[in-house]
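For reference, the chains in residue letters:
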Amino acid sequence: MKNQNFNPKKISLTFLSFFFIFSPFSVSCKNLNTTAESSNSKAECVMELESRRILFESNGETRLPMASTTKIMTAITVLENCKDLETPFEIPNEAIGVEGSSIYLKEGDKYSVSDLLYGLMLRSGNDSATALALKVGGSLANFSLLMNKTAQKAGALNSSFKNPHGLPHNGHYTTARDLSYITCYALHNTFFQRIVSAKIYEPYQWLNKNKMLYKYPYAIGVKTGYTKEAGRCLVSAANKDDFTLVCTVLSCADMYNRSIELFNSCFSTYKREKIIDKEQVFSFTYNENVFKGKTKQDFYYPLCDGEKEHIETVIQPKIEKNKEIIGEIEIYLLKRLIFSGNLYKL
């Protein structure tokens, strides 16, 4: 099956063990078979999930409205701030009749948070977004504060969230790069990944509006969006040969085909290379003594042809008596730091 190698839990454990460098690294490979000129998007960004390396970008830092792709942030904010996902609760009046796409909630209806998350991400229910925000935040304003805090944690420093659904609102914006960061962050939550990859939610027969799941064999989600102000927006993720990419296109009339073009080009140009093996032994000399150690974890990074020869490894000794950690290992690509982690003595 196309998604069987995608394991968000495994990836999360890797993140806990190492310090990855999330500063943008967007030196595009010369043989990347796409250009900004070939697109009608206002902004685009393709990012590798684990390293968050930017593989392709056009106007990635331009602030733009993002319509219902906002709900990626809504969903992960709910998942991180709500302990009870399964107990049904009564839908408040404020969530009834919200304009735009809807799952047609009625006052007094009872749904679980889990149900509403599927309604949010598969059917893009603005009423679902409102009900979730009120349940978790107590008010839309308080929930927006939670969204912005979550954005900061995700590394999205050029975004501002004013509502949970993405309807036009002054000061509600993001960038293609930030939205890719947010999605990479969200995809490390196993429940989020399960929701956005679902083609149907059986209890209510809700079909996923995201046609990427049907158009592209490697697709695993994530979310569409449209308003007149934002245009057609799509954030999608695809997994091929244990290599997961996130693609954001904002205000793109042909959003599906353009995203497929970007995925195909990046998958064919970049390969997920193992830079460090957890069993690899590193040795260095310090004060005329030889020390040996391991990182205890593998490290992978997306590279294109010719880049591997520009990888440099630097070891910074940290010799302390009776301490397990003997140093810090740093990996550089084209003189840019891409990884830093501890070196443990044998």
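About the thresholds
- Residues numbered from 1 in each chain as written.
- Predicted model: local features only at pLDDT ≥ 70, side-chain atom pairs only at ≥ 80, totals over all residues.
- Heavy atoms only, no water.
- Helix = DSSP H or I, 4+ residues; strand = E, 2+ residues; numbered from the N terminus.
- Rg over C-alpha atoms; globule rule 2.2 N^0.38 Å.
- Buried < 20%, exposed > 50% of the residue type's maximum accessible area, 1.4 Å probe, protein only.
- Areas by Shrake-Rupley, 256 points an atom, 1.4 Å probe, with all protein chains shown as cover.
- Lys, Arg positive; Asp, Glu negative; His and termini not counted.
- Charge placed at Lys NZ, Arg CZ, Asp CG, Glu CD.
- Phe/Tyr/Trp six-rings, centres within 6.5 Å; stacked < 30°, edge-to-face > 60°.
- Lys NZ or Arg CZ within 6 Å of the ring centre and 35° of its normal.
- Salt bridge = Lys/Arg side-chain N within 4 Å of Asp/Glu carboxyl O.
- Pairing = 2+ DSSP bridges.
- Axes fitted to C-alpha atoms, helices over the stretch in contact; angles between N-to-C directions.
- Core = buried A, V, L, I, M, F, W, Y, C linked by side-chain atoms within 4.5 Å.
- Contact = heavy atoms within 4.5 Å.

(A) Structural context of the overall build of the protein chain. Looking only at helices and strands, the protein chain features 9 helices and 17 strands. A compact globule built from 346 residues would reach a C-alpha radius of gyration of about 20 Å, and the protein chain, at 22 Å, matches this within 12%. Summarising its shape, the C-alpha atoms of the protein chain cover approximately 75 × 50 × 40 Å along the three principal directions. Per-residue burial over the protein chain gives 55% buried out of 346 residues. Surface exposure of the protein chain reaches about 15,700 Å², of which carbon and sulfur atoms provide 47%. Each charge class in the protein chain can be summarised by its mean position, and for the 42 positive and 36 negative side chains these summaries are 1 Å apart.

(B) Just the packing of aromatic side chains, in detail. Summed over all chains, the structure comprises 14 aromatic pairs. For the ring pair phenylalanine 243 and phenylalanine 267, a centre distance of 5.8 Å and an interplane angle of 75° mean the geometry is edge-to-face. Residue phenylalanine 243 is found in strand β10 (residues 243-250), and its partner phenylalanine 267 is found in helix α9 (residues 255-269); the two are separated by 24 residues along the sequence. Ring pairs connect the aromatic residues Tyr111, Tyr118, Phe191, Tyr201, Tyr204 and Trp206, which therefore count as one cluster. The side chain of arginine 272 reaches across the aromatic face of tyrosine 300, ending 3.9 Å from its centre. Of note, lysine 296 hangs over the ring of tyrosine 344, and the distance from its end group to the ring centre comes to 4.4 Å.

(C) Inspection of the pattern of salt bridges at higher detail. Enumeration over the complete set of coordinates arrives at 15 salt bridges. As a salt-bridge pair, arginine 258 and glutamate 261 come within 3.1 Å of each other at their nearest N and O atoms. Of the two residues, arginine 258 and glutamate 261 both sit in helix α9, 3 residues apart, roughly one turn of that helix. For arginine 258, a relative accessible area of 4% gives the class buried.

(D) Broad picture of the sheet that holds strand β9 (residues 231-240). One open sheet accounts for 5 strands, arranged β3-β2-β10-β9-β8; its pairing is antiparallel. This sheet does not close on itself; its edge strands, each paired only once, are β3 (54-58) and β8 (219-227). On average, each strand axis in the sheet is inclined to that of its neighbour by 5°, with strand direction left out of account. Summarising the sheet, β9 and β10 pair through 7 bridges and their orientation is antiparallel. The residue bridging alanine 238 from the neighbouring strand is leucine 245, located in β10.

(E) Representation of the nonpolar core. Counting 64 residues, the largest nonpolar core has Leu116, Leu117, Met121 and Phe192 as the members making the most contacts within it. Residue contacts for methionine 121: discarding those within four places in its chain leaves Lys71, Ile72, Ala75, Phe192, Ile195, Val196, Asn208, Val222 and Lys223. Within the second largest apolar cluster, 25 residues are counted, among which are Cys29, Val46, Leu213 and Phe243.

(F) Broad picture of the pairing of β10. Among the 8 residues that make up β10, 8 are buried, leaving the element largely enclosed by the rest of the structure. Covered by surrounding structure in β10 are Phe243, Leu245, Cys247 and Val249 together with Thr244, Val246, Thr248 and Leu250, the residues of both alternating faces. Strand direction decides the pairing type here: strand β2 (residues 43-48) and β10, joined by 6 bridges, are antiparallel. The residue of β10 that forms the bridge with valine 46 is cysteine 247. Hairpin connection of β9 to β10: 2 residues between the antiparallel strands, including aspartate 241 at a positive phi of 55°.

(G) Expanded view of the environment of isoleucine 200. Inspection of the secondary structure assignment puts isoleucine 200 in strand β6 (residues 200-201). Separated by 77 residues in the primary sequence, isoleucine 200 and arginine 123 have C-alpha atoms spaced 9.7 Å apart. For isoleucine 200, the residues in contact, after removing those within four places along its chain, are Leu122, Gln205, Trp206 and Leu207.

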